[in-house]
Amino acid sequence: MSNYFWSNWKRYPSVGMIGGVLAGLAHHFEWNPRLLRVIVVIVAIVWLVLPVAMAYGILWYLMEPEQGMPDPATASDSSKATPQSLRARFMKMEGRLRNMEACVASSEYELRRELSKL
């Protein structure tokens, strides 16, 4: 199972600062690589450098290298997407929207909003 899990994760040494691990994580989770690098540096300074460096080294070992970084414009191009993948993406977005709507419409949210006004 772990082999399949890590097989979807790639690191991009050609565009990364050190080993391309953060570039790969940013691409996998669709995050901004620069922001992720800043967060990791802050965590390393505040927490400790050794645990962050060890986690980075483990990820470097587990993630397979990939040459070049996929272009985000072509990766999310809807003309190349299949109807099934588009449906899955929209269903995922709809689920997230429903969760947000349920949170905002809850009585707990109303109570917190009113308390914050005080």
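**Details of the nonpolar core**
Okay, so step 1: Residues Trp-9, Val-21, Leu-22, Leu-25, Ala-26, Leu-36, Tyr-56, Leu-59 and Met-63 constitute the largest nonpolar core, which totals nine residues.
Okay, so step 2: Put simply, the parts of the chain that give this core at least two residues each are helix H2 (21–29) and helix H4 (49–62).

**Details of the confidence of the model for the protein chain**
Okay, so step 1: For the protein chain, per-residue confidence averages 78 on the pLDDT scale, and residues scoring 70 or more make up 81% of the total.
Okay, so step 2: At the low end of the mean pLDDT range in the protein chain sits helix H5 (residues 72–75), at 47; at the high end sits helix H3 (residues 33–46), at 88.
Okay, so step 3: With pLDDT under 50 throughout, residues 73–78 is counted as low confidence; its partners more than four residues away or in other chains account for three contacts.

**Considerations on the pattern of salt bridges**
Okay, so step 1: One pass over the structure, following the stated rule, counts three salt bridges.
Okay, so step 2: A salt bridge links Glu-108 to Arg-112, with the shortest nitrogen-to-oxygen separation between them at 2.6 Å. Of the two residues, Glu-108 and Arg-112 both sit in helix H7 (residues 107–117), four residues apart, roughly one turn of that helix.
Okay, so step 3: Given the relative accessible area of 46%, Glu-108 is considered partly exposed.
Okay, so step 4: Relative accessible area serves as the criterion here: at 57%, Arg-112 is assigned to the exposed category.
Okay, so step 5: The partner of Glu-114 in a salt bridge is Lys-117, with the nearest N and O atoms 3.6 Å apart. Remark: Lys-117 and Glu-114 occur in helix H7; sequence separation between them is three residues, near one turn of the helix.
Okay, so step 6: For Lys-117, a relative accessible area of 58% gives the class exposed.

**Some details on the packing of H2 against H3**
Okay, so step 1: One can describe the packing of H2 onto H3 by two numbers: an axis separation of 9 Å at closest approach and a directional angle of 125°. One finds that H2 runs oblique with respect to H3. Pair H2 / H3 crosses with right-handed handedness. Counted together, Leu-22, Ala-23, Leu-25 and Ala-26 of H2 and Pro-33, Leu-36, Arg-37 and Val-40 of H3 form the full contact between these two elements.
Okay, so step 2: Classifying every residue of the contact of H2 with H3 gives seven nonpolar, no polar and one charged.

**Description of the packing of H2 against H4**
Okay, so step 1: Two elements in contact, H2 and H4, have axes whose closest approach is 10 Å; the angle formed by their N-to-C orientations is 75°. One way to sum up the angle between H2 and H4 is to call them roughly perpendicular. Contacts between H2 and H4 involve Val-21, Leu-22 and Leu-25 from the former and Tyr-56, Leu-59 and Trp-60 from the latter.
Okay, so step 2: In terms of residue class, the contact of H2 with H4 is made up of six nonpolar, no polar and no charged.

Quick notes on the rules
Residues numbered from 1 in each chain as written. Predicted model: local features only at pLDDT ≥ 70, side-chain atom pairs only at ≥ 80, totals over all residues. Heavy atoms only, no water. Core = buried A, V, L, I, M, F, W, Y, C linked by side-chain atoms within 4.5 Å. Buried < 20%, exposed > 50% of the residue type's maximum accessible area, 1.4 Å probe, protein only. Helix = DSSP H or I, 4+ residues; strand = E, 2+ residues; numbered from the N terminus. pLDDT = per-residue confidence, 0-100. Contact = heavy atoms within 4.5 Å. Salt bridge = Lys/Arg side-chain N within 4 Å of Asp/Glu carboxyl O. Axes fitted to C-alpha atoms, helices over the stretch in contact; angles between N-to-C directions. Parallel < 35°, antiparallel > 145°, perpendicular 65-115°, else oblique. Left-handed = near helix turned anticlockwise from the far one by under 90°. Nonpolar A, V, L, I, M, F, W, Y, C, P; charged D, E, K, R; others polar.

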